[in-house]
Amino acid sequence: MRPYFEKMAEFGHELKKGQIKRTEENLNQLKEIEAEIQGEVNRVKTAGLPVEKINARGQMTVWQRLEYLVDPGTWCPLHTLYNPMNNEEGTTNVIDGIGKISGKWAVIIGFDNKVMAGAWLPGQSENILRVTDLAKRLNIPLVWLVNCSGAKLPEQEKFYANRRGAGTPFFRHAELEQLGIPVLAGIYGTNPAGGGYQGISPTILFAHKDCNIAVGGAGIVSGMSPKGDFNKETAEEIIAKAKEFKAKPPGSVKIHYDETGFFRYVFEDETEVLDGLKDYMKDAPAYNPIFYRVAEPAEPKFSVDDLYRLIPLEPKRVYDFDEVLARLTDSSEHMEFRPDYGPEVYTGLCKIDGFLVACIGNRQGYLGKGYPEYTDYPGMGGKLYRQGLIKMNEFVTLCGRDRIPIIWLQDTTGIDVGDEAEKAELLGLGQGLIYSIQQTDVPMMLLLLRKGTAAAHYLMGGPTANRHNAFTLGTIASEIYVMHGETAAVATYSRRLVKEKEAGRPLEPVIEKMNKLAHEYYENSRPLFCAQNGLIDEIVPMSDLRKYLTAFAGAAYQNPKSICPHHHLILPRIIRG
């Protein structure tokens, strides 16, 4: 199959001087907003105690541990700004992402020991659930840096129980292990209660000499026989117990290395724990990349920084999707599937770091006379029509057959509506695409370039595709809503306007409500809101987008659950004809 992949069709063009001049303002606006988002990221990184205070205790911070553990240049953070319960700490208190350890991709997560010594916080269990799902979807190891002081008890009702509560990840660890996915854990500090569970559920435990894991700690033991209230006598008992367990907390290395054997290894230095994880990752299940690469890795012909000029911040402005994709793919080459059918959608095979991936994206702008074919109004890119939906159904199904991971690049205003669209079966074709996605069983990721609107957001690889969507990335141009705010205001208040007009009453109060709703839609669709509430998993600078695509492709091909030999692939042969 070398003739198919070593040299594919080139696409994309160098930016012209006039184009560079016209897009200078767009570049500056995007960079300015990215700087604001980076400020929010820095706020999360500096939450809690100062680094110097943690280091003075002889400990590394979670960020320092990650820097030591992860291969340089491979760290792709996720959920950095995720804070769905609006915690006063500004974080769910776990830090996670994808990175290489000893040359192999892993999903990595650690408690932030600067914030309440890594305590459970509201929203954390949902964050962890996303991480375990990611390891499952990509079939790669999950690596923990455990340093958890237990639950933030005054807010326990927000995370302790329920179907997706703080106990769920422990069952997910068991699920991963039953699927043959190793869960490795480096354990630091005092880990009572919830921290103890995280310390015992992984596959292999690498312990620092000063760590412990336990069912309960000093603050719990003296209250295990409730008397209904507190008095001075019980207060004195609590003081005595607290002093005892502070001097000698339960579940120390002496217990869990010498007695139970739960700790496989114990190390003197913090970095030695991380070295132990590195050693085990060397032998984690993984194919040599040569097994799956279809060509030698190559950089795009054009700079990824061109994206700041190619993708307009203004959501109504059109752009050339092919030029965007050419800045992300190896050698700026591709094999487009059915280019003359369903022009509102791009479908094609591309290479990322030498690996074959499928790309699906929304083209923008006027689609030409006579399209869509089932009606007389003009078709505009970003919207989905009959042919585009049929094409995506075919392409996704063939990707499943050929075991090719899919990258969705979304910028959609929704699906065509009205009686003509209904007669064209768009409702059934949309559900058909969901069925096609669901039966593929290949990893997928979503890059939300700009708009994610209405049901089209679900259909085009959105996070609702839970079993397949590994993660969803956003840019600072991303926005997600069921419809544009102005459209929502009209849909909500148009009848009220008619009634007020017919009754001879002033329209200004209704107009005020319309403007208020449109403004709320705008505020609740911004990238920061989307990241904080989990609608996207990370806001990624334009210049780093290819890095994340490379991580996804490498992780998806590291240890896939099923194989289609290159010479058995049917999709490239269909494309060539």
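Every value quoted in this text rests on a predicted model; they were computed, and no experiment measured them.

Thresholds applied
Residues numbered from 1 in each chain as written. Predicted model: local features only at pLDDT ≥ 70, side-chain atom pairs only at ≥ 80, totals over all residues. Heavy atoms only, no water. Helix = DSSP H or I, 4+ residues; strand = E, 2+ residues; numbered from the N terminus. Buried < 20%, exposed > 50% of the residue type's maximum accessible area, 1.4 Å probe, protein only. Polar contact = N/O pair within 3.5 Å; in protein donor to acceptor, adjacent residues only side chain to side chain. Pairing = 2+ DSSP bridges. Axes fitted to C-alpha atoms, helices over the stretch in contact; angles between N-to-C directions. Contact = heavy atoms within 4.5 Å. 1 Å grid on protein atoms, 1.4 Å probe; cavity = no way out; pocket = protein on both sides within 12 Å on 5 of 7 lines; lining within 4 Å. Points joined across faces, edges and corners; volume = space filled by probe spheres on them. Domains from an automatic or database assignment. Salt bridge = Lys/Arg side-chain N within 4 Å of Asp/Glu carboxyl O. Nonpolar A, V, L, I, M, F, W, Y, C, P; charged D, E, K, R; others polar. Patch = residues over 30% accessible without salt bridge, like charges linked within 9 Å, V, L, I, M, F, W, Y side chains within 5 Å. Areas by Shrake-Rupley, 256 points an atom, 1.4 Å probe, with all protein chains shown as cover. Lys, Arg positive; Asp, Glu negative; His and termini not counted. Charge placed at Lys NZ, Arg CZ, Asp CG, Glu CD.

> I tried to follow the side chain of glutamine 387 on my own but got confused; where do I start?
Topologically, glutamine 387 is positioned in helix α15 (residues 386-402). We classify glutamine 387 as buried; its relative accessible area is 14%. At 3.3 Å, the side chain of glutamine 387 and the side chain of glutamate 373 are in polar contact.

> In this structure, what is going on with the sheet that holds strand β10 (residues 265-267)? I would like to understand it.
Strands belonging to one sheet form pairs held by backbone hydrogen bonds; the direction of such a pair is parallel or antiparallel. Strand order in the open sheet formed by seven strands is β2-β3-β4-β5-β6-β8-β10, and the pairing between neighbours is mixed. Lying at the two open borders of the sheet, with one neighbouring strand each, are β2 (76-78) and β10. Direction aside, neighbouring strands of the sheet carry axes that sit 20° apart on average. The sheet contact formed by β2 and strand β3 (residues 94-101) spans three bridges and is antiparallel. For proline 77, the partnering residue across the bridge sits in β3 and is glycine 97. Most of the contacts of helix α5 (residues 62-69) go to β3, to which it runs at about 10°, and overall it touches β3, β4 (104-111) and β5 (142-146). Packing of helix α22 (residues 545-558) onto the sheet brings it into contact with β2, β3 and β4, and relative to β4 it is tilted by some 110°.

> Looking at this structure, I do not really get the sheet that holds strand β12 (residues 345-352). What am I missing?
Reading across the sheet, the eight strands line up as β1-β11-β12-β13-β15-β17-β19-β21 and stay open at both edges, with mixed pairing between neighbours. The sheet terminates laterally at β1 (9-10) and β21 (538-539), the two strands that pair on one side only. Bridging between β1 and strand β11 (residues 333-336) involves two bridges; their strand directions are antiparallel. By the bridge assignment for β11, glutamate 10 is matched with glutamate 333. Lying over the sheet, α22 contacts β12, β13 (355-362), β15 (406-410), β17 (444-448), β19 (469-474) and β21, oriented at roughly 130° with respect to β13.

> What's the story with the layout of surface pockets in this structure? I'm lost.
In this approach, a probe sized like a water molecule rolls over the atoms, and the result shows the empty space that is left. Put simply, the second largest pocket is a space of about 560 Å³. Lining the second largest pocket are 25 residues; nearest its centre among them are Val41, Lys45, Trp75, Pro77 and Tyr548. Elements with a contribution of two residues or more to the lining of the second largest pocket: α3 (24-45), α5, β2, β21 and α22. When we break the lining of the second largest pocket down by domain, the ones giving at least three residues each are domain 1 (47-282) and domain 2 (289-478 + 536-565).

> So what exactly am I meant to see when it comes to the environment of isoleucine 290 here?
When you line up the elements, isoleucine 290 lands in the loop between α12 (270-282) and α13 (307-310). Overall, the relative accessible area of 69% leaves isoleucine 290 in the exposed class. For the pair isoleucine 290 and glutamate 40, spaced 250 residues apart in the sequence, the C-alpha separation amounts to 39 Å.

> Hey, could you run me through the domain arrangement of the protein chain in this one?
Reports often express the size of an interface as the amount of accessible area lost when the parts come together. As assigned here, the protein chain comprises domain 1 (47-282), domain 2 (289-478 + 536-565) and domain 3 (483-525). Placing the centre of domain 1 and that of domain 2 at their C-alpha centroids yields a distance of 37 Å. Each partner contributes to the interface: domain 1 provides 19 residues, whereas domain 2 provides 23 residues. The interface formed by domain 1 and domain 2 contains two salt bridges. Taken together, the links from domain 1 to domain 2 amount to 10 residue pairs in polar contact (both at pLDDT 80 or more). Of all the secondary-structure elements, those providing two or more residues to the side of domain 1 that touches domain 2 are β2, β4 and α6 (124-138). No other element matches the four residues that α6 contributes to the side of domain 1 that touches domain 2. Its residues placed into classes, the side of domain 1 that touches domain 2 shows 11 nonpolar, five polar and three charged.

> Can you walk me through helix α7 (residues 168-178) in this structure?
Note: α-helices contain 3.6 residues per turn, so residues at a spacing of three or four share the same orientation. For α7, every residue scored as buried is listed here: Thr168, Pro169, Phe170, His173 and Leu176. After α7 finishes, the residue glycine 180 shows a positive phi value of roughly 85°.

> How should I be thinking about a positive patch on the surface in this particular structure?
A contiguous patch of positive charge on the surface is contributed by Arg495, Arg496, Lys499 and Lys513. In terms of residue count, the dominant contributor to the positive patch is helix α19 (residues 485-502) (three residues). Relative to the helices and strands, arginine 495 is located in helix α19. Here arginine 495 falls in the exposed class, since its relative accessible area comes to 70%.

> Got a minute to help me understand the pattern of salt bridges in this structure?
Oppositely charged side chains can pair when the atoms bearing their charge come close. Using the criterion set out here, one finds 38 salt bridges in the structure. Of the charged contacts in the structure, one is a salt bridge between aspartate 441 and arginine 137, with a shortest N-O distance of 3.4 Å. Highlighted residues: aspartate 441 in the loop between α17 (426-440) and β17 and arginine 137 in helix α6, separated in sequence by 304 residues. In this structure arginine 137 comes out as buried when scored by relative accessible area, which is 7%. Arginine 338 is the partner of glutamate 394 in a salt bridge, and the nearest nitrogen-oxygen pair spans 2.6 Å. With glutamate 394 in helix α15 and arginine 338 in the loop between β11 and β12, this pair connects stretches of sequence that are 56 residues apart. Looking at glutamate 394, the relative accessible area reads 31%, which means it is partly exposed. Salt bridges sharing partners connect three or more residues here, namely Lys7, Glu10, Lys301, Glu333 and Lys351.

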